Amino acid sequence: MTKVLSVLGSTGSIGTQSLDVARKRGYRVSALAAYSNAELIEKQAREFKPETVALVDEKAAADLKTRLADTDIKVRAGLEGVCECASEKNCDTVLNSVVGMAGLKPTLAAIEAKKKIALANKETLVAGGKLVYEKADEYGVEILPVDSEHSAIFQCLQGCYDKKQLKKLILTASGGPFFGKTIEELKNVTVENALKHPNWSMGAKITIDSATMMNKGLELIEAVWLFKMKPEDIDIVVHRESIVHSLIEFDDNSVLAQLGLPDMRIPIQYALTYPDRFESPVGELDLAKCGSLTFFEPDYDTFKCINLCRKAISLGGLYPAAVNSANEQANKMFREGKIGFLDIYERSASVLEKIPVYDSYTYEDVMEIDALARELVENY
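Note that the coordinates shown come from a computational prediction; the quantities given were computed from them, not determined experimentally.

Conventions used here
Residues numbered from 1 in each chain as written. Predicted model: local features only at pLDDT ≥ 70, side-chain atom pairs only at ≥ 80, totals over all residues. Heavy atoms only, no water. Phe/Tyr/Trp six-rings, centres within 6.5 Å; stacked < 30°, edge-to-face > 60°. Buried < 20%, exposed > 50% of the residue type's maximum accessible area, 1.4 Å probe, protein only. Lys NZ or Arg CZ within 6 Å of the ring centre and 35° of its normal. 1 Å grid on protein atoms, 1.4 Å probe; cavity = no way out; pocket = protein on both sides within 12 Å on 5 of 7 lines; lining within 4 Å. Points joined across faces, edges and corners; volume = space filled by probe spheres on them. Helix = DSSP H or I, 4+ residues; strand = E, 2+ residues; numbered from the N terminus. Nonpolar A, V, L, I, M, F, W, Y, C, P; charged D, E, K, R; others polar. Pairing = 2+ DSSP bridges. Axes fitted to C-alpha atoms, helices over the stretch in contact; angles between N-to-C directions. Contact = heavy atoms within 4.5 Å. Parallel < 35°, antiparallel > 145°, perpendicular 65-115°, else oblique. Left-handed = near helix turned anticlockwise from the far one by under 90°. Core = buried A, V, L, I, M, F, W, Y, C linked by side-chain atoms within 4.5 Å. Polar contact = N/O pair within 3.5 Å; in protein donor to acceptor, adjacent residues only side chain to side chain.

Novice: Can you walk me through the packing of aromatic side chains in this structure?
Specialist: Describing an aromatic ring pair means giving the distance of the ring centres and the angle of the ring planes. Taken as a whole, this structure holds 6 aromatic pairs when the rule is applied. Between tyrosine 270 and tyrosine 274, the ring centres sit 5.7 Å apart and the planes meet at 70 degrees, which makes this aromatic pair edge-to-face. Tyrosine 270 sits in the buried class, given a relative accessible area of 7%. Given a relative accessible area of 21%, tyrosine 274 falls into the partly exposed group. When the centroid spacing of 5.6 Å and the interplanar angle of 70 degrees are considered together, the rings of phenylalanine 334 and phenylalanine 341 count as edge-to-face. The pair phenylalanine 334 / phenylalanine 341 is uniform in exposure class, with both members buried. Chaining the aromatic ring pairs together yields one cluster made of Phe154, Tyr270 and Tyr274. Positioned over the ring face of phenylalanine 278 is arginine 25, at 4.0 Å from the centre of the ring.

Novice: What is the right way to look at the layout of surface pockets in this model?
Specialist: The probe, sized like a water molecule, is rolled over the atoms to show the empty space still left. Here the second largest pocket is characterised by a volume of approximately 300 Å³. Here the lining of the second largest pocket takes 4 residues from helix α12 (residues 265-273), the largest share from any one element. Across the lining of the second largest pocket, the residue classes break down as 8 nonpolar, 7 polar and 3 charged.

Novice: Just to check I follow, could you spell out empty space enclosed by the protein for this structure?
Specialist: Across all of its chains, the model carries 1 cavity of 30 Å³ or more by this definition. By volume, the largest cavity amounts to about 50 Å³. For the lining of the largest cavity, the secondary-structure elements that each account for two or more residues are α7 (148-156) and α12. The biggest single contributor to the lining of the largest cavity is α7, with 3 residues. Partitioned by chemical class, the residues of the lining of the largest cavity number 4 nonpolar, 5 polar and 1 charged.

Novice: Just checking my understanding: could you explain the sheet that holds strand β10 (residues 244-250) for this structure?
Specialist: Paired through their backbone hydrogen bonds, the strands of a sheet run either parallel or antiparallel. What the 4 strands build is an open sheet, ordered β9-β8-β10-β11; its pairing is mixed. Single-partner strands in this sheet number two, and they are β9 (234-238) and β11 (255-259). Each adjacent strand pair in this sheet contributes to an overall mean axis angle of 20 degrees, direction not counted. Sheet analysis places strand β8 (residues 166-173) next to β9, joined by 5 bridges and oriented parallel. From the neighbouring strand, isoleucine 170 faces β9, where its bridge partner is aspartate 235. Against the sheet, α7 contacts β8, β10 and β11, and its axis sits at roughly 40 degrees relative to β10.

Novice: It is not clear to me how the packing of helix α10 (residues 204-212) against helix α11 (residues 214-227) should be interpreted in this structure. Could you clarify?
Specialist: Each pair of packed helices can be described by the angle between their axes along with the distance between the axes. Two elements in contact, α10 and α11, have axes whose closest approach is 5 Å; the angle formed by their N-to-C orientations is 95 degrees. Relative to α11, α10 is oriented roughly perpendicular. Here Lys205, Ile206, Asp209, Ser210 and Thr212 of α10 come into contact with α11, specifically with Met214, Asn215 and Leu218. In the contact of α10 with α11, the residues fall into 3 nonpolar, 3 polar and 2 charged.

Novice: I keep staring at the packing of α7 against α11 and nothing clicks. Help me out?
Specialist: Their axes nearest at 10 Å, the elements α7 and α11 cross at an angle of 35 degrees. Crossing geometry of α7 relative to α11 is assigned as right-handed. Each of Glu149, His150, Ile153 and Phe154 in α7 lies in contact with α11, whose residues at this interface are Lys216, Glu219, Glu222, Ala223, Leu226 and Phe227.

Novice: Can you walk me through the nonpolar core in this structure?
Specialist: Side chains of a nonpolar character, in soluble globular proteins, are inclined to be buried together. Core analysis: the largest hydrophobic core is formed by 121 residues, its most contacted members being Leu169, Phe227 and Phe341. Not counting residues within four places of it along the chain, the set of residues in contact with phenylalanine 341 comprises Phe178, Leu186, Val189, Ala194, Ala211, Thr212 and Phe334.

Novice: Would you mind going over the environment of glutamine 44 with me for this structure?
Specialist: Tracing the backbone through its elements, the reader meets glutamine 44 in helix α2 (residues 38-48). Spatially, the C-alpha atoms of glutamine 44 and serine 210 are 28 Å apart, while their sequence positions differ by 166 residues. Not counting residues up to four positions away in its chain, the partners in contact with glutamine 44 are Ser10, Thr11, Thr16, Leu19, Leu32 and Lys49. Within the structure, the side chain of glutamine 44 is placed 2.8 Å from the side chain of serine 10, a separation counted as a polar contact.

Laid out in structure tokens, this is it:
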């Protein structure tokens, strides 16, 4: 039976690579959604012939409707349109690669529609992990990780027959473009400097997050939810070559690692084909050509965003959501040239002291904290 996908965030880096996997595997695509790139999503729609496409931006959606007027494809607008794609009746798997907090509501919609979820939107779990897993348990929905680090841990855990024997998870980090730099050296870095990632080709927001290492902090929070681990049982190690994607350690100090070329199509395909494996969409890893593999302790004094995220998930409630939204806003302001690179941490950290405490929360609470955190960052 042919797998049928709904790809959310289809015009971004993960989305386009997901469609490449779908193309190579011969999967059908019943829905596509993105933010505003009408030209690219039109090309995707004409190739894959989905039933529904959506753009968040209303003006772009109107343009897309005109572009696809000669087809039977339904064109939807706004976040509700994305949610319609997430619950498209003909699809069996939703790949969510929407950037940022906007990915939470479509994830919840997909769960309610009882779709299998391949999750590449880490903010979904960072901001609303409790909501997502309560709903996933209620509807019996499987959530599989797409991020290379979480996919690596998920793959390693296939060799763990008793989770009680698991000692800790070890997330690897490339260190980004500023590995080895001091705080003094980071004061005047530009957006152009921060977008020069050494190993991965990603969108602008996540590339800046990699430069601040906020990305690794968010991944730590995501791992807490995905693998039901305590924050103190998750370590981070800088691995510049991005060949070892993450590791797990057992009580007897044995360590399992997953290795592969730094290409997102490997974890994307595994999330879509699990538990089966098929011919790789990328080349074979040649360790002899790799030569040395290096590992370093993160510089927590310079890249403070990791500790900020660890503090937020340890506090629990909506502290992770607040940090995530604060970072999204600060990241955006840095890319727009409104603040400096180091201000991303300073503004994000300031938010933790100013939000109310929530023992339990609703989707509406998450969105209220989202708005409050962004406002606090703007008015810092």
